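Structure at a glance
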Amino acid sequence: MDVRRREPRDLGACARVLAEVHRTDGYPVDWPERPEGWLSPPALLDAWVAEHEGVTAGHVVLSRGEPDDAAPALLCRRDGVPVEAVAVVGRLFVAPTARGLGAGALLMARAGREARARGLRPVLDVVASDTAAVALYDRLGWSPLGSVEQRWGPGRTVTVRCYAAPA
């Protein structure tokens, strides 16, 4: 398994893997109108892909927090750090056929190293019902910051768990 910086030419393959993950696991919860655009949030700092035998196997991004991101706010409140000192790890997914090969852990490690190299504290959030992702973050030593309820449209509230990277 290799992890490398995402290139613009990777977006199509990443969107296809994301579609597989959505069909299999329901992630992302709401399918984006433009999946390739969704993979590059407005506050993007960097992105990486995992490849297994030359095939795209996973993806992760590192970005600045956005106004509706709960994890940066919880970390700032808990540790007294400014929001400018926080980076959000997101858009993490691994192809169903590549699971169990360590892609998720490698992608998380790469994003965490890059955040720290930039002097930033990595955080993330995850829908509480995504038990596989929660198990990965727990296994990797990420510490829970808390859970929040977020309104995702009229009459729809979702519980989101927030985490901070291990020191």
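Everything in this summary refers to the structure shown in the same document.

Conventions used here
Residues numbered from 1 in each chain as written. Predicted model: local features only at pLDDT ≥ 70, side-chain atom pairs only at ≥ 80, totals over all residues. Heavy atoms only, no water. Helix = DSSP H or I, 4+ residues; strand = E, 2+ residues; numbered from the N terminus. Rg over C-alpha atoms; globule rule 2.2 N^0.38 Å. Buried < 20%, exposed > 50% of the residue type's maximum accessible area, 1.4 Å probe, protein only. Contact = heavy atoms within 4.5 Å. Areas by Shrake-Rupley, 256 points an atom, 1.4 Å probe, with all protein chains shown as cover. Salt bridge = Lys/Arg side-chain N within 4 Å of Asp/Glu carboxyl O. Arc of directions from axis to C-beta.

**Considering the overall build of the chain**
- The helix and strand inventory of the chain stands at 5 helices and 7 strands.
- Along the chain direction, N to C, the helices and strands of the chain fall in the order β-α-α-β-β-α-β-α-β-α-β-β.
- Rg of the C-alpha trace for the chain: 15 Å, near the compact-globule value of 15 Å for 167 residues, within the 12% margin.
- Projected onto its principal axes, the C-alpha coordinates of the chain cover approximately 45 × 40 × 30 Å.
- Going through the 167 residues of the chain one by one, you find that 46% of them count as buried.
- Long-range contacts, defined here as pairs at least 24 residues apart, represent 64% of the contacts in the chain between residues at least 6 apart.
- Of the accessible surface of the chain, which amounts to about 8,500 Å², a share of 51% is contributed by carbon and sulfur atoms.

**Section: the pattern of salt bridges**
- Across all of its chains, the model carries 10 salt bridges by this definition.
- Among the ionic pairs, D10 bridges to R4, the shortest N-O distance being 2.7 Å.
- Given the relative accessible area of 5%, D10 is considered buried.
- On the basis of relative accessibility, which here comes to 21%, the residue R4 falls in the partly exposed class.
- Where D10 meets R9, a salt bridge forms, and the shortest distance between an N and an O atom there is 3.7 Å.

**Some points on the environment of P122**
- With respect to the helices and strands, P122 occurs in strand β5 (residues 121–127).
- Aside from chain neighbours lying at most four places away, what touches P122 is A87, V89, G112, A115, R116, W142, A164 and A165.

**Considerations on helix α5 (residues 131–139)**
- Taken as a whole, α5 has its buried residues at A133, V134, L136 and Y137. Within α5, the buried residues cover an arc of 160° as seen down the axis, which keeps them to one side. Exposed residues lying more than 90 degrees from the buried face of α5 are T131, A132 and R139.
- In this fold, the buried residues of α5 make contact with β4 (86–94), α4 (103–117), β5 and β7 (157–164).

**Concerning the side chain of Q150**
- Secondary-structure assignment places Q150 in strand β6 (residues 143–151).
- Note on Q150: relative accessible area 16%, which makes it buried.
- Beyond its immediate chain neighbours, meaning those up to four positions away, Q150 contacts D68, A70, R156, T157, V158 and V160.

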